[in-house]
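# Understanding the architecture of this molecule
Residues per chain, in single letters:
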Amino acid sequence: MREISGAAGHRRGAGAPLRGRVAVVTGAARGVGEALARRLSEAGMSVVLLGRENETLRRAAAALPNRTLCVEADVTDRAALESAARLVERELGPASVVVANAGIAAGGPFADTPADLWQRVVDVNLVGAANTARAFLPQLARTRGYFLQIASTAAFGSAPMMSAYCASKAGAESFALALRGEVEPDHIGVGVAYLHWTGTDMVAGIDDHPVLSALRRNQPRFARRVHSADQVAGWLASGIARRARAVYAPPWLRWCQPLRPLFPAVVARITRRELRHHSPAELASDLTVLGAGGRADWDAYRSAGRPPDNP
């Protein structure tokens, strides 16, 4: 699906470095992706909103002040992304900014999580990011552009009950760091964005999980704060304008990097205590796909009956 729209004018946004260029944002139907698409459009960019939800994508695009292109595509489908890349270049020109934001999460014990759901989370969050990079790197090489990988503090300290999400976000971070060294000779910048508690529908369901709720409850007060998707998008847009190698949302996360070796032990201590208070049946009953976007992807995946055929 595609739909191109435009607007008569635009407001001032992140700054002149982005004006007149083309940005691609995956997972743009809602949450951080939608908010970032808006920020980049306000900065004067033509924005491609790529995602799974046709009507939601169209509504998000209709609110943007600059020219947009909607593409309904599954980031795990390489053929669909290659087709999307050709469409973007034909309709708007080569991309200068590509943001691998599409992501889903499932909460619950690993042993009770259906194998295909666990793999789907990894496929969307990690393989989907690599597919996105593969499809658009030729354009970024021509524009000397910038690729931003959306990661998470889940890459800092893995949380029980979120094994697929944590593994995929750690993998996505590692992928982006490896990619950076490969594409620097082509003058392509690669950044990694570390997001903490963000006010999306995915995070809204986390407090229903006893172990995840305990992890948040045991963080310092300032670290428990949930930031709006728009505020996080502002930090991301600023990082994109600077071609930052790392973007922290919120900014204080940068000071956590030297402490990363300590986080697994702290998380393990908290979760051991909490797991003793809940039976396996209680924990298994909380198994779910988090957020409306994740459920939409999972429903579409199951209705297809099998993974997409890739070349």
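Notes on the structure follow. (Residues numbered from 1 in each chain as written. Predicted model: local features only at pLDDT ≥ 70, side-chain atom pairs only at ≥ 80, totals over all residues. Heavy atoms only, no water.)

### Describing the overall build of the protein
Convention followed: Segments assigned H or I by DSSP are reported as helices when at least four residues long, segments assigned E as strands when at least two residues long, and all are numbered from the N terminus. Summary of the burial criterion: residues with accessible area below 20% of their type's maximum are buried, those above 50% are exposed, and those between are partly exposed, where the area comes from a 1.4 Å probe applied to protein chains only. What makes two residues a contact is simply this: any of their non-hydrogen atoms within 4.5 Å. Exposure was quantified through the Shrake-Rupley algorithm and a 1.4 Å probe, taking into account, for residues, occlusion by the shown protein chains and nothing else.
Helix and strand counts for the protein come out as eleven helices and twelve strands. Counting all 311 residues of the protein, 52% fall into the buried class. Taking contacts inside the protein between residues at least 6 apart in sequence as the whole, the part at least 24 apart equals 75%. Counting only carbon and sulfur atoms, one obtains 52% of the accessible surface of the protein, whose full area is about 13,600 Å².

### Considerations on the packing of helix α4 (residues 115-143) against helix α5 (residues 163-183)
To keep things clear, this is the line we draw: Note on geometry: axes are lines fitted to C-alpha atoms, helical ones only across the stretch in contact, with angles between N-to-C directions running from 0 to 180 degrees. Comment on the angle field: the value is read as roughly parallel under 35 degrees, roughly antiparallel over 145, roughly perpendicular from 65 to 115, and oblique elsewhere. Two helices that cross are described as forming a left-handed crossing if the nearer one is turned anticlockwise from the farther one by less than a right angle, and a right-handed crossing if clockwise.
The interhelical angle for the contact between α4 and α5, taken along N-to-C directions, is 20 degrees, at an axis separation of 7 Å. Overall, the two elements α4 and α5 adopt an arrangement that is roughly parallel. Considering how the two elements wind past one another, α4 and α5 form a crossing that is right-handed. Residues Trp118, Val121, Val122, Asn125, Leu126, Ala129, Ala130, Ala133 and Leu137 of α4 pack against Ser163, Ala164, Tyr165, Ser168, Lys169, Gly171, Ala172, Phe175, Leu179 and Val183 of α5.

### Brief notes about the nonpolar core
Stated precisely, the cut-off is as follows: The set of buried Ala, Val, Leu, Ile, Met, Phe, Trp, Tyr and Cys residues whose side-chain atoms join them within 4.5 Å is what this entry labels a nonpolar core.
Counting residues in each nonpolar core, the largest one holds 47 residues, and the members touching the most others are Val48, Val71, Phe136 and Phe147. Counting residues per element, this core draws most heavily on α4, at ten residues. Ignoring anything within four residues of it in the chain, the contact list for Phe136 reads Val24, Ala84, Ala85, Val88, Ala95 and Val98.

### Some remarks on the pairing of strand β7 (residues 146-152)
Quick reminder of the rule: A pair of strands is labelled paired if DSSP reports no fewer than 2 bridges between them. Place the viewer so that the strands point away; then a crossover is right-handed whenever the path from the first strand over the helix to the second strand goes clockwise.
Within β7, seven of the seven residues are buried, which leaves it mostly tucked inside the rest of the structure. Side-chain alternation along β7 places Tyr146, Leu148, Ile150 and Ser152 on one buried face and Phe147, Gln149 and Ala151 on a second face that is also buried. Looking at chain direction, strand β5 (residues 97-100) and β7 are connected through four bridges and run parallel. Looking at β7, one finds that Val98 is bridged to Phe147. Pairing of β7 with strand β8 (residues 189-195) involves seven bridges; the strand directions are parallel. Its bridge partner lying in β8, Phe147 is registered against Val190. Tracing the backbone out of β7, into α5 and back to the parallel element β8 gives a crossover that is right-handed.

### A closer look at the side chain of Thr153
Considering the arrangement of structural elements, one finds Thr153 in the loop between β7 and α5. Accessibility expressed as a relative area gives 16% for Thr153, which makes it buried. Those residues in contact with Thr153 that lie beyond four places of it in its chain are Leu195, His196 and Leu253.

### Re the packing of aromatic side chains
For clarity, the threshold we go by: When two rings of Phe, Tyr or Trp (its six-membered ring) have centres within 6.5 Å they constitute a pair, described as stacked for plane angles under 30 degrees, edge-to-face for angles over 60, and tilted for the intermediate range.
The final tally for this structure, using the stated rule, is four aromatic pairs. Between Trp298 and Tyr301, the aromatic rings sit 5.4 Å apart at their centres with planes inclined by 20 degrees, giving stacked as the arrangement. Of this pair, Trp298 and Tyr301 both sit in helix α11 (residues 291-304), three residues apart, roughly one helical turn. These aromatic residues form a ring-pair network of at least three members: Phe156, Tyr194 and Tyr248.

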